Amino acid sequence: MIEAARAADRTKNNYLSAQYRRIAARRGANRAVVAVAHTILVRIYHMLQCRLPYHELGATYYYEKDKQAFVRRTRRPCA
């Protein structure tokens, strides 16, 4: 699973790479890889359990989830 997570962090424009970048910025690369591996494992479990196809959430999932909070965090205060 770790190898799959490391491969996912090198891809672009998908949910897992965005998750890796967010966690690696705060916690470090190794913890981010373990978190992505866990996410992959949980997704596989649910796909098999519920017999559902894989649904990609996209790289912008985190930003679209709460756009106003993202705008507040990135807006510069007036000087």
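For the structure given in this document, a descriptive report is provided here.

The rules we used
- Residues numbered from 1 in each chain as written.
- Predicted model: local features only at pLDDT ≥ 70, side-chain atom pairs only at ≥ 80, totals over all residues.
- Heavy atoms only, no water.
- Helix = DSSP H or I, 4+ residues; strand = E, 2+ residues; numbered from the N terminus.
- Rg over C-alpha atoms; globule rule 2.2 N^0.38 Å.
- Contact = heavy atoms within 4.5 Å.
- Expected span 1.5 Å × (residues − 1).
- Buried < 20%, exposed > 50% of the residue type's maximum accessible area, 1.4 Å probe, protein only.
- Polar contact = N/O pair within 3.5 Å; in protein donor to acceptor, adjacent residues only side chain to side chain.
- Axes fitted to C-alpha atoms, helices over the stretch in contact; angles between N-to-C directions.
- Parallel < 35°, antiparallel > 145°, perpendicular 65-115°, else oblique.
- Nonpolar A, V, L, I, M, F, W, Y, C, P; charged D, E, K, R; others polar.

### Some thoughts on the overall build of the protein
Right, on to step 1. From N to C terminus, the protein includes five helices and zero strands.
Right, on to step 2. For the protein, the N- to C-terminal ordering of α and β elements is α-α-α-α-α.
Right, on to step 3. Its C-alpha atoms give the protein a radius of gyration of 15 Å, clearly above 12 Å, the size a compact globule of 79 residues would have.
Right, on to step 4. Taking the principal axes of the C-alpha coordinates as reference, the protein spans close to 55 × 25 × 20 Å.
Right, on to step 5. The contacts of the protein with a sequence gap of at least 6 include a subset with a gap of at least 24, amounting to 57%.

### Re helix α2 (residues 15–27)
Right, on to step 1. An ideal rise of 1.5 Å per residue puts 18 Å on 13 residues; α2 measures up with 18 Å between its terminal C-alpha atoms.
Right, on to step 2. Considered for burial, the residues of α2 that qualify are Tyr15, Leu16, Ser17, Ala18, Gln19, Tyr20 and Ile23.
Right, on to step 3. In the core, the buried residues of α2 are packed alongside α1 (2–9), α3 (29–50) and α4 (61–65).
Right, on to step 4. At the N-terminal boundary of α2, the capping side chain belongs to Asn14, with an oxygen 3.3 Å from the backbone nitrogen of Leu16.
Right, on to step 5. Once α2 finishes, Gly28 follows within two positions and takes phi at roughly 110 degrees, a positive value.

### Here we look at the packing of α1 against α3
Any two packed helices are characterised by how steeply their axes cross, that is the angle between the axes, and by the distance between the axes.
Right, on to step 1. Packing of α1 against α3 brings their axes to within 8 Å, and their N-to-C directions diverge by 105 degrees. Taken together, the axes of α1 and α3 are roughly perpendicular relative to one another. Facing α1, whose interface residues are Ile2, Ala4, Ala5, Arg6, Ala8 and Asp9, α3 presents Asn30, Val33, Val34, Val36, Ala37 and Ile40.
Right, on to step 2. Residues of the contact of α1 with α3, tallied by class, amount to nine nonpolar, one polar and two charged.

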